[in-house]
Amino acid sequence: MDRRSLPLRMERKDRLFAEDRPLHLTAMIEESILDRPIGGENAPLVMREQLRHLIDLSGRDNVEILVLPTAVGRHDGLEGRFTVLHFIDAEGRKQAQSIGYVEIPDDAVYIQDQQQVDKYTGSAELLRSVALSQPQSVKAIKARLATLG
């Protein structure tokens, strides 16, 4: 991660948990990520905490966690992770043009060309259409958590 993006990430995190007009987040994650041991010799502990965190987040009104089943096979998300940022006010009105955001090693690219942003938005919609629902996703996460004890 680019050190310059850390303050932005921290601000986004703060806004996600803000009581007044929190950001809305939809996160789509690969099913295989739920099974990838991270944390070295502490992997079970680290994974338990990460899975619990996902479950906790999914309980928030402004957060949607969706799991992309491995059975889906090839999909647009395999090309690399990306974010589409939409700027909507509390009444659902668009406040600014949407932008795309792609992290690359030691940097990030902001995509402002609306035709390119539309392609990322279309990819996100396709991924959403094949992802598990939020209740199914939480069930899948809880199943992995149960195996870790």
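None of the values given here were measured: they were computed from a predicted structure.

**Section: the pairing of strand S2 (residues 63-68)**
Link 1 in the chain: Of all 6 residues that make up S2, 5 are buried, and the element is covered over most of its length.
Link 2 in the chain: Across 6 bridges, the pairing between strand S1 (residues 25-30) and S2 is parallel. Each residue of the ladder has a partner; that of Ile29, found in S2, is Val67.
Link 3 in the chain: Crossover connection from S1 via helix H2 (residues 43-58) to parallel S2: handedness right-handed.

**With respect to the confidence of the model for the protein**
Link 1 in the chain: Scored by pLDDT, the protein comes out at a mean of 87, with 91% of its residues at no less than 70.
Link 2 in the chain: When pLDDT is averaged over each helix and strand of the protein, the minimum, 77, is found for helix H1 (residues 6-16) and the maximum, 96, for helix H4 (residues 134-147).

**Concerning H4**
Link 1 in the chain: Here H4 contains 14 residues, and its C-alpha end-to-end distance of 20 Å stays within 8% of the 20 Å for a straight helix at 1.5 Å per residue.
Link 2 in the chain: Turning to H4, its buried residues are Gln134, Ser137, Val138, Ala140, Ile141, Arg144 and Leu145. For H4, the buried positions fall inside an angular range of 160° around the axis, keeping them on one side. More than 90 degrees from the buried face of H4, the exposed residues found are Pro135, Lys139, Ala146 and Thr147.
Link 3 in the chain: Where H4 is buried, its residues meet H2 and S2.
Link 4 in the chain: A positive backbone phi angle near 85° is found at Gly149, which sits one or two residues after H4.

**A short note on the environment of Phe87**
Link 1 in the chain: Along the chain, Phe87 turns up in strand S3 (residues 83-88).
Link 2 in the chain: Here Phe87 is in contact with Arg93, Lys94, Gln95, Ala96, Gln97, Ser98 and Ile99, once residues within four sequence places are set aside.

Parameters and conventions
- Residues numbered from 1 in each chain as written.
- Predicted model: local features only at pLDDT ≥ 70, side-chain atom pairs only at ≥ 80, totals over all residues.
- Heavy atoms only, no water.
- Buried < 20%, exposed > 50% of the residue type's maximum accessible area, 1.4 Å probe, protein only.
- Helix = DSSP H or I, 4+ residues; strand = E, 2+ residues; numbered from the N terminus.
- Pairing = 2+ DSSP bridges.
- Right-handed = clockwise from strand over helix to strand, strands pointing away.
- pLDDT = per-residue confidence, 0-100.
- Expected span 1.5 Å × (residues − 1).
- Arc of directions from axis to C-beta.
- Contact = heavy atoms within 4.5 Å.

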